[in-house]
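Next come the chains, spelled out residue by residue.
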Amino acid sequence: MLKRSSGTPTLEEVAALAGVGRGTVSRVINDASGVKASTRHAVQRAIDELGYVPNLAARSLAGRRAGAVALVMPKTDWRLFGEPFFSEIVGAVGDALSEAGVQLLLTLVRTDAERQRLVEYLRGGRVDGALLMSVRAEDRLPDMLADAGLPTVLLGRRSADERVTYVDADNVGGARAAVGHLVGGGRKTIAAITGPPEMYVAQCRLRGYREALSDAGLDELPSLVVQGDFTETSGQRAMAGLIERHPEIDGVFAASDSMAAGALAALHAAGRRVPQDVAVVGFDDFELAEQTEPPLTTVRQPMKEIGRTMVRLLLEEMEQPEVAWRHVILRTRLVVRESA
């Protein structure tokens, strides 16, 4: 008896139920010649029984394209529209797709029901692939799209053993370099303002902070690590709390430039001089980093290259749906300015 998956029916399930190969199912879906009537009938019966909707992988065999790609992000992260990281990545993705003659469609999802509807919509052939941003560790949407046969590329990853194609920056190495720079400048009590713990990118940047402290022989105090959400407001709030608990702080690593800008505001409000009293390092190297007072030392991640690489991998996967998932990690670089 066929073991049904808990998600949407897949091409493999249709093939198993019909007792044929995956390629035969694709030929039936595309009404190709060379398939016996009895085999065609068995495949169609399996499609009807499972409720299978032909996906892009099958359509691409016939050379038909929708000419569009979906950029998907959770609706719960709507505030990211106001963050520089989002706008820079979307701009790079849009430029790369435009050069390829492909339309970009922005899609927001929030609930499990919305995820299911989105999968049914996307796998119905209305787009040729999906790019996913800001995916949390527990989100099954990438797996649902991959199981449906839709070419999918993630910005970042959900965990160390991510199976879907993704493009990421060296978050651990970048954070380690940032904190190492603070240590090299003679800072002894170094705090960290992290991102949401359920996001793998935040976990990696925190790991880099910890590794740098360990390398320098400095003790890690749990009270020196405060959670933010990558926004300026959260950085300001976190820094204010750190100053109150640890007035001896002389260095801060913020896991995003926006949080670093908030930390600078809190330090100024508390009468602390930057970098004389407290040195601050961020992560991203947005345009914002050159506009803070003082200009921000930060870790540059190549956002345009990230966006373009995501598009390149997606286009390649659209042409070769059976290609192995690829994991690309791009290098980061410390950019030294006046804040540290």
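This one's a predicted model, so the numbers in the text were calculated from it and none came from an experiment.

Along the chain, Ser 339 falls in the segment after β12 (333–335). With relative accessibility at 0%, the residue Ser 339 sits in the buried group. Within the local environment of Ser 339, its side chain forms a polar contact with the backbone oxygen of Val 280, the two atoms lying 2.6 Å apart. Within the local environment of Ser 339, its side chain forms a polar contact with the backbone nitrogen of Thr 297, the two atoms lying 2.8 Å apart.

Take the sheet that holds strand β5 (residues 166–169) next. Spatial ordering of the open sheet is given by β2-β1-β3-β4-β5-β11, a layout of six strands whose pairing is parallel. Whereas interior strands pair on both sides, the edge strands pair on one side only; in this sheet they are β2 (103–109) and β11 (327–330). Looking at each pair of strands side by side, their axes are set apart by 20° on average, direction ignored. As judged from the two bridges shared by strand β4 (residues 152–155) and β5, these two strands associate in the parallel manner. Among the inter-strand pairings, Leu 154 is bridged to a residue of β5, identified as Tyr 166. Helix α6 (residues 112–126) rests against β1 (68–74), β2 and β3 (130–132) of the sheet, and its axis sits at about 160° to β2. Where helix α12 (residues 303–319) meets the sheet, it contacts β1, β3, β4, β5 and β11, and its direction lies at approximately 165° from that of β4.

Moving on to the pattern of salt bridges. Going through the model one piece at a time under the given rule, you end up with 18 salt bridges. One salt bridge in this structure joins Arg 308 and Glu 99, with 2.9 Å as the shortest N-O distance. In this pair, Arg 308 sits in helix α12 while Glu 99 sits in helix α5 (residues 84–99), placing the two residues 209 residues apart along the sequence. Taking the relative accessible area as the measure of exposure, Arg 308 reaches 37% and is therefore partly exposed. Two residues, Asp 143 and Arg 163, come together in a salt bridge whose shortest N-O distance is 3.2 Å. Of this pair, Asp 143 sits in helix α7 (residues 141–147) while Arg 163 sits in the loop between β4 and β5, and the two are 20 residues apart along the sequence. What makes Asp 143 buried here is its relative accessible area of 16%. The network of salt bridges with shared partners includes Asp 143, Asp 147, Arg 158, Glu 162 and Arg 163.

Time to look at the sheet that holds strand β7 (residues 225–227). Spatial ordering of the open sheet is given by β7-β6-β8-β9-β10-β12, a layout of six strands whose pairing is mixed. Each edge of the open sheet is held by one strand with a lone partner, namely β7 and β12. Pairwise comparison of adjacent strand axes, ignoring direction, gives a mean angle of 20° for this sheet. Relative to β12, strand β10 (residues 297–300) runs antiparallel, the two being bridged by three bridges. Directly across from Thr 298, in β12, lies its bridge partner Val 335. Of the strands in this sheet, β6 (190–194), β7 and β8 (251–254) touch helix α10 (residues 232–245), which is tilted by about 150° from β6. Its contacts with the sheet put helix α11 (residues 257–269) on β6, β8, β9 (279–284) and β10, and the angle it makes with β9 is roughly 160°.

Scoring rules and cut-offs
Residues numbered from 1 in each chain as written. Predicted model: local features only at pLDDT ≥ 70, side-chain atom pairs only at ≥ 80, totals over all residues. Heavy atoms only, no water. Helix = DSSP H or I, 4+ residues; strand = E, 2+ residues; numbered from the N terminus. Buried < 20%, exposed > 50% of the residue type's maximum accessible area, 1.4 Å probe, protein only. Polar contact = N/O pair within 3.5 Å; in protein donor to acceptor, adjacent residues only side chain to side chain. Pairing = 2+ DSSP bridges. Axes fitted to C-alpha atoms, helices over the stretch in contact; angles between N-to-C directions. Contact = heavy atoms within 4.5 Å. Salt bridge = Lys/Arg side-chain N within 4 Å of Asp/Glu carboxyl O.

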